[in-house]
Amino acid sequence: MVDSKTKSVMLIITHGCNLRCSYCYEANKETHRGSTMSFITAKNILSQAIDSMEDSCENLIIQFMGGEPLLCFDLIKDVCEWLWSLNLKVNLQLSAPTNGTLLTDGMKPWLIKNGHRFWLLLSFDGDPLMQDTNRSCSARHIDLDFFVKTFSQNGVKMTLSPQTLPKFAEGVQFLFSKGFGTVEANAAMGKNVGWRREHLRILSAELDKLVWFYFEHPQYKPMTYFDMPVWSVLDKDAPSQACGCGRAFKSYDIDGIDYPCQVFSPLSMSREQASQSRLIDFDQIDNNYQGICTSCILRKLCMNCPGINYRDYGDFNKRSAFNCAQFKLFFLANCKLFKLKALRDKDYVLRDAIDEVTRVITLNNKKKYGNSL
């Protein structure tokens, strides 16, 4: 359901990127600066978004996407300054993800001055060795201390590849040790990443390490995938956690054409696929879905990207077997962590809820697969 109090807009301001990350889903990005969005195009898009805001709207979220957004730092600055000059009567949230390698001393004063109203969100894939493995040997070019000092409250995002998965827990702990307030992480998605069945065993072991790490260090906030409302599987009326692409937000390419999200843009898939995605009614697809996942008790919580599914399989709801299996491992790890916390805190309500979740999941599996499990 679309939240009428929030309007979200993504601007793909450049197709260029200076790195070649091993798992990148943007197959059509360009080297270095690449094609870029003009200030006029950005202003027109945002003017229309502002004019179309409902009276009940309280939040306007704008994210500058790429490619690598810092290739267009001057555009980001100009758009932000223009928006602030409008004195909008909404909570304006402006941000851009970055690989951090193009940050210069000339950019830092503006970022520091506006750190309370513009957020630069760093992607760094664990410790320096993990970063170099995934991201073009770039660790030495990134000023981690600046991001910790200026944007610590926004944390850091790491992406796992098959090569760095064995150091998952170690990478999370390294980033916390550097001073980041939060560390988000997920496994790279897409059928060409190289995930295999044997990686699930490694993931399971790493998740167990993280369960104990978070339990023994309550001062560290667990990543989003370690803070699932697992008890919601017991509530048939619980809202879905699915993304709101094509509904709660839209993404605009450098030429001003809108797509359901950046994954559906020509930056990430063929122009034919991208064009077709603009005609999709996502609510209708969800409501009419009759696939294998329909009866899954975990479906409402599932980590699922319709864009990746559509690109790789031509089906918005067909996810990879690995992605399905790894989500179940994350779900189990959540249950373990919540149970440990409940026992430590003598929270018997939470303990009983986790026990009931476990019981229901076990019964559900027996119905599907028989007592052989």
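Note that the coordinates shown come from a computational prediction; the quantities given were computed from them, not determined experimentally.

Digging into the overall build of the protein chain
Next up, step 1: Tallying secondary structure elements over the protein chain gives twelve helices and ten strands in all.
Next up, step 2: Here the C-alpha atoms of the protein chain give a radius of gyration of 21 Å, agreeing with the 21 Å that 2.2 N^0.38 yields for 373 residues.
Next up, step 3: Viewed in the frame of its principal axes, the protein chain has a C-alpha envelope of about 65 × 45 × 40 Å.
Next up, step 4: Burial status across the protein chain gives 49% buried among its 373 residues.
Next up, step 5: Partitioning the contacts of the protein chain with sequence separation of at least 6, the portion at a separation of at least 24 is 75%.
Next up, step 6: Only carbon and sulfur atoms are counted for the fraction: they give 51% of the accessible area of the protein chain, which is about 18400 Å².
Next up, step 7: Of the charged side chains in the protein chain, 44 are positive and 40 negative, and the gap between their average positions amounts to 4 Å.

What to know about the nonpolar core
One broad trend across soluble globular proteins is that nonpolar side chains are buried collectively.
Next up, step 1: Judged by nonpolar contacts, the single largest core of 96 residues is most densely connected at Leu11, Phe64, Leu111, Phe118, Phe168, Phe226 and Phe331.
Next up, step 2: Broken down by element, the residue count for this core peaks at nine residues, all from helix H11 (residues 321–345).
Next up, step 3: Dropping the residues within four chain positions of it, Leu111 is found in contact with Phe73, Leu103, Phe118, Leu120, Phe146, Thr150 and Phe151.
Next up, step 4: With 17 residues, the next largest nonpolar core counts Phe249, Met269, Ala274 and Phe282 among its residues.

A closer look at empty space enclosed by the protein
Next up, step 1: One pass over the structure, following the stated rule, counts two cavities of 30 Å³ or more.
Next up, step 2: Counted as a void, the largest cavity has a volume near 40 Å³.
Next up, step 3: Forming the boundary of the largest cavity are Ser204, Leu207, Asp208, Leu329, Leu332, Ala333 and Lys336.
Next up, step 4: Counting residues per element, the ones that place at least two in the lining of the largest cavity are helix H7 (197–216) and H11.
Next up, step 5: Its residues placed into classes, the lining of the largest cavity shows four nonpolar, one polar and two charged.

Some thoughts on the pattern of salt bridges
Next up, step 1: Applying the stated criterion across every chain yields a total of 15 salt bridges.
Next up, step 2: For Asp208, the salt bridge is made with Lys336, and the minimal N-O distance between the two is 2.9 Å. Residue Asp208 is found in helix H7, and its partner Lys336 is found in helix H11; the two are separated by 128 residues along the sequence.
Next up, step 3: Given a relative accessible area of 30%, Asp208 falls into the partly exposed group.

Structural notes on the packing of H7 against H11
Next up, step 1: Running from N to C, H7 and H11 point in directions that differ by 25°, and their axes come no closer than 10 Å. When the axes of H7 and H11 are compared, the pair comes out roughly parallel. The element H7 and its partner H11 pack so that their crossing is right-handed. Facing H7, whose interface residues are His199, Leu200, Leu203, Ser204, Leu207, Asp208, Val211, Trp212, Tyr214 and Phe215, H11 presents Phe322, Ala325, Gln326, Leu329, Phe330, Ala333, Lys336, Leu337, Leu340, Lys341 and Arg344.
Next up, step 2: Grouping the amino acids of the contact of H7 with H11 by side-chain chemistry returns 14 nonpolar, three polar and four charged.

Some points on the sheet that holds strand S4 (residues 59–65)
Next up, step 1: Strand order in the open sheet formed by eight strands is S8-S7-S6-S5-S4-S1-S9-S10, with mixed pairing between adjacent strands. The sheet terminates laterally at strand S8 (183–187) and strand S10 (258–259), the two strands that pair on one side only.
Next up, step 2: On the sheet, helix H2 (residues 73–85) packs against S4, strand S5 (91–98) and strand S6 (118–123) and is oriented at approximately 175° with respect to S5.

Thoughts on the side chain of Ser268
Next up, step 1: Residue placement: Ser268 occurs in the loop between S10 and helix H8 (271–277).
Next up, step 2: At a separation of 3.4 Å, a polar atom in the side chain of Ser268 contacts the main-chain carbonyl oxygen of Gln262.
Next up, step 3: Dropping the residues within four chain positions of it, Ser268 is found in contact with Tyr25, Glu26, Ala27, Asn28, Gln262, Val263 and Arg311.

Overview of the confidence of the model for the protein chain
Next up, step 1: In this model, the protein chain carries an average pLDDT of 90, and 95% of its residues clear a pLDDT of 70 or more.
Next up, step 2: Note on residues 369–373: pLDDT under 50 across the span, and three contacts to partners over four residues away in sequence or across chains.

Calculation criteria
- Residue positions are given per chain, counted from 1 along the sequence in the order it is written.
- Given that the model is predicted, a residue must reach a pLDDT of at least 70 before its local features are reported, and side-chain atom pairs must reach 80 or more before they are shown or counted; all residues, however, enter totals for whole chains, interfaces and linings.
- Calculated side-chain values reflect all of the structure's heavy atoms, with hydrogen atoms and water omitted.
- Helix and strand assignments follow DSSP, with helices taken as H or I runs no shorter than four residues and strands as E runs no shorter than two, numbered in order from the N terminus.
- Only the C-alpha atoms count toward the radius of gyration. The rule for a globule is 2.2 Å times the residue count to the power 0.38.
- Residue exposure (1.4 Å probe, protein chains only): buried if accessible area is under 20% of the type maximum, exposed if over 50%, otherwise partly exposed.
- The contact criterion used is simple: two residues touch if any of their non-hydrogen atoms lie within 4.5 Å.
- Reported accessibility uses the Shrake-Rupley method at a 1.4 Å probe radius. Residues are deemed covered only where the shown protein chains occlude them.
- Counting rule applied: Lys, Arg positive; Asp, Glu negative; His and chain ends not counted.
- Where a charge lies is defined by one atom per residue type: Lys uses NZ, Arg uses CZ, Asp uses CG and Glu uses CD.
- To define a nonpolar core, start from buried Ala, Val, Leu, Ile, Met, Phe, Trp, Tyr and Cys residues and group those joined through side-chain atoms within 4.5 Å.
- With a 1 Å grid spanning the protein atoms alone, the term cavity applies to any set of points in which a 1.4 Å probe fits but cannot get out, the term pocket to an open set with protein on both sides within 12 Å along at least five of seven lines, and the term lining residue to any residue with an atom within 4 Å of a point.
- Grid points are joined across faces, edges and corners, and a volume is the space filled by probe spheres set on the points.
- Under the convention adopted here, Pro, Cys and the residues Ala, Val, Leu, Ile, Met, Phe, Trp and Tyr are nonpolar, Asp, Glu, Lys and Arg are charged, and Gly plus all remaining residues are polar.
- Here, a salt bridge means any side-chain nitrogen of Lys or Arg that lies within 4 Å of a carboxyl oxygen of Asp or Glu.
- Note on geometry: axes are C-alpha line fits, over the in-contact stretch for helices, and angles between N-to-C directions span 0 to 180 degrees.
- By the definition adopted for this analysis, an angle is roughly parallel if under 35 degrees, roughly antiparallel if over 145, roughly perpendicular if from 65 to 115, and oblique otherwise.
- Each crossing is labelled by how the near helix is turned from the far one, with a counterclockwise turn of less than a right angle marking it left-handed and a clockwise turn marking it right-handed.
- Only when DSSP finds a minimum of two bridges between them are two strands counted as paired.
- Any pair of nitrogen or oxygen atoms within 3.5 Å is treated as a polar contact; in protein, a donor-acceptor pairing is required on top of that, and neighbouring residues in sequence qualify only through side-chain atoms on both sides.
- As a per-residue measure, pLDDT tells how confident the predictor is, with possible values from 0 to 100.

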